[in-house]
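Inside the fold
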Amino acid sequence: MEKLPKIGIPVIAGIVFLIILVTKSAVTIGPGEGGVIFERFGGGIDTSQTYGEGFHVVAPWNHMIIKKVRQQSISDNMNVLSVNGLDITVSGTIWFEPEFSNLGKLIQTKGEDYVNELLSPAINAAAKSVVGRYTPEQLYSSKRDIIELEILEEVRSELKGQFVNVKRVLVENVKLPTTIKDAIERKLKQEQESLEYEFRLVTAAKEAEKVRIEAQGKADANKILSASLNDKILQDKGIEATLKLSESPNSKVIVIGSGDSGLPIILGNQ
């Protein structure tokens, strides 16, 4: 150490300080993230700029707060009451993303843990408001899509102007008390069986109507055919048959006249 030039120690100290300074000042923001600067000796969160992905240099006395700004999701189980006061557990997922340009305002007003401070209470409030309008049977069966849309609208209303965009709400499961669930399933089964029985009755009625129409058509056709066979046609047919019989070499036919209907009277045939 005694052999080092007097200027060497300050240089080494300067290099070490410079390395520390660069280390403290260099910040890398990863994919799908955004950053805002917290000025320790200034006005706190700088809401005028959000920093995007990549390498950034900030003053060592400031702090870069980095948060995800891509679309994210959170899932939760919520205990809510139906319209008739039954305790129901609803499992759901919500997709959201913070507004990139307003990330600083979001952190400044709601804190870094804005998911728990802002989103979760809004989701629970919306779920309780919407689910409370429906009966357990509606929640269990046919109203799932409508409920999702209504919760989404409620959450968006709750978060309006809060710098967070909610993309979608999915109701994954509705857990009812066991006795209520069993009763609903029995009712749905009975309704399905009733619909199936009604379908069979309608099908049988249509088949019977088809048979009746076909029978009526055949009867009408026979009636028309019978009406067309008048005495003149029968007379002509009888003469034609007699002539064919008389032309046979093995037949001996003696025609002695005709009856009242005009048909020939055959005396014998040998």
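Residues numbered from 1 in each chain as written. Predicted model: local features only at pLDDT ≥ 70, side-chain atom pairs only at ≥ 80, totals over all residues. Heavy atoms only, no water.

Focus on the environment of Gly34
Along the chain, the position of Gly34 falls in strand β2 (residues 33-39). In sequence terms Gly34 and Pro98 are 64 residues apart; their C-alpha atoms lie 9.9 Å from each other. Apart from the residues within four sequence positions on either side, Gly34 is in contact with Ile29, Thr50, Tyr51, Ile65, Ile66, Lys67, Val69, Phe100 and Leu103. (Helix = DSSP H or I, 4+ residues; strand = E, 2+ residues; numbered from the N terminus. Contact = heavy atoms within 4.5 Å.)

Side note on helix α5 (residues 144-158)
Between its first and last C-alpha, α5 extends 21 Å over 15 residues, near the 21 Å set by a 1.5 Å rise per residue. Turning to α5, its buried residues are Ile147, Glu148, Glu150, Ile151, Leu152 and Val155. Considering only its buried residues, α5 is in contact with β7 (87-98), α3 (114-131), α4 (136-140) and β8 (164-175). (Expected span 1.5 Å × (residues − 1). Buried < 20%, exposed > 50% of the residue type's maximum accessible area, 1.4 Å probe, protein only.)

Some words on unusual backbone geometry
Even without a glycine there, the phi angle at Phe163 is positive, about 70 degrees. Counting through the fold element by element, Phe163 comes out in the loop between α5 and β8.

Focus: the side chain of His56
In this fold, His56 is placed in strand β4 (residues 54-57). A distance of 2.9 Å separates a polar atom in the side chain of His56 from the backbone oxygen of Gly52. Aside from chain neighbours lying at most four places away, what touches His56 is Ser25, Ala26, Val27, Ile29, Tyr51 and Met64. (Polar contact = N/O pair within 3.5 Å; in protein donor to acceptor, adjacent residues only side chain to side chain.)

A few points about the sheet that holds strand β5 (residues 62-68)
If you walk across this open sheet you meet the three strands as β3-β2-β5, and the pairing is antiparallel. Every other strand in the sheet has two partners, leaving β3 (44-45) and β5 as the edge strands with one partner each. Two strands pair when backbone bridges link them, and β2 and β5 are joined in this way by seven bridges, in the antiparallel orientation. Across the sheet, the residue bridging to Ile37 is Met64, located in β5. Most of the contacts of helix α2 (residues 103-110) go to β2, to which it runs at about 60 degrees, and overall it touches β2, β3 and β5. (Pairing = 2+ DSSP bridges. Axes fitted to C-alpha atoms, helices over the stretch in contact; angles between N-to-C directions.)

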